[in-house]
Amino acid sequence: MIRQSLIIDCDPGVDDAVALMLAFGSAAFELLAITAVGGNVPVVKTARNARILRQIAGREDVPVFMGADRPLRREPAGAGEFHGAEGLGDLTPFEPAAPCADGHAADAIIELVMSRPAKSVAVAVLGPMTNLALALRKAPALAEQLGPVAVMGGARSEGGNITASAEFNIWADPEAAAEVLASGCDVVMFGLDATHQVRATDARIAALEVVGTPMAETAAAMMRFSQRVERRIVGWDAPPVHDPCPVAWLLKPDLFALKPCRIAVETASDLTRGHTAVEFREAVAGTLPHRWAVSADADGIFALVAHAVGPARTI
């Protein structure tokens, strides 16, 4: 098996937790690091949460680096109403046994990517893109060295989930997203158009609950919390599970349909802050350097998660 070298940049977050369990349990990845950023909750909590999840998964071999505590130019924003005050739903937080690794997340990304063959390291960005933007500022050559940058963020036909037209991760640090998209990185974006197709139904959560491993129980508990919150705030019975999508695509690309495009981010207007303008027409946009997910196979994604968190992890 040729393993995909991977860095996960995230802000756990209940759906980040499911994505991390998918990655921790997938032998197809050489998981180089988890880099934490402030987003759903402050970075001190996201870094702690990443270490809690690492400990539950028994993957203390994977270093966790703390990164940016605030957006490039904005005041920090949070989404505790959807993730719980501590970021992990109903899970009672604790101080993990293993600390964060030394150094800033942006420096870790540079070191890990630039020390390996060109295009061999993928990055899955599951929160605001601040850490990656900071890394690209320090080392512009990183853009050519990176493999695919699989991003959970953005919205087009589905509309936004934080404003009428903006998805939270992009809205939280639109300048960082704009810089990454303009950098020349091979960005594949999984916005709400695709992730709203990946729903944690009762049957899908129940299938995880019966697996019985700590990883499965954790993933299922995160989805149960989301289900309760979404019913109360949005009125949906089955919440979307956004963040596993980029990780699932790296494992099994045929679970998604992608379209070439050019993506730009609104940074000037307060009304449409973080809006992702996704242009599929080459005659209008010129070259189409990005890819946008337009559909997702939810059953296939949940099957990947179930295998990854099971007692015999063979993905």
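The paragraphs below set out a description of the structure included in this document. (Residues numbered from 1 in each chain as written. Predicted model: local features only at pLDDT ≥ 70, side-chain atom pairs only at ≥ 80, totals over all residues. Heavy atoms only, no water.)

### Concerning the nonpolar core
Piece 1. Counting residues in each nonpolar core, the largest one holds 66 residues, and the members touching the most others are Ile8, Phe24, Ile34 and Phe256.
Piece 2. Among the elements that take part in this core, helix H1 (residues 14–24) stands out by supplying nine residues, more than any other.
Piece 3. The next biggest cluster of nonpolar side chains, apart from the first, holds 40 residues, and it includes Ala105, Val121, Cys261 and Val265. (Core = buried A, V, L, I, M, F, W, Y, C linked by side-chain atoms within 4.5 Å. Buried < 20%, exposed > 50% of the residue type's maximum accessible area, 1.4 Å probe, protein only. Helix = DSSP H or I, 4+ residues; strand = E, 2+ residues; numbered from the N terminus.)

### With respect to the pairing of strand E9 (residues 290–296)
Piece 1. As paired strands, strand E6 (residues 187–190) and E9 are joined by two bridges and run parallel to one another. Paired with Val188 across the bridge in E9 is Arg291.
Piece 2. Pairing geometry for strand E7 (residues 256–265) and E9, over six bridges, is antiparallel. The partner of Leu258 across the bridge, within E9, is Ala293. (Pairing = 2+ DSSP bridges.)

### Structural notes on the sheet that holds E7
Piece 1. In space, the nine strands of this open sheet follow the order E3-E2-E1-E4-E5-E6-E9-E7-E8, with mixed pairing throughout. Since the sheet does not close on itself, it has two edges, and those belong to strand E3 (64–66) and strand E8 (276–279), each with one partner. The average undirected angle you get between the axes of adjacent strands in this sheet is 30°.
Piece 2. Pairing of strand E1 (residues 4–10) with strand E2 (residues 29–36) involves seven bridges; the strand directions are parallel. From the neighbouring strand, Ile7 faces E2, where its bridge partner is Ala33. (Axes fitted to C-alpha atoms, helices over the stretch in contact; angles between N-to-C directions.)

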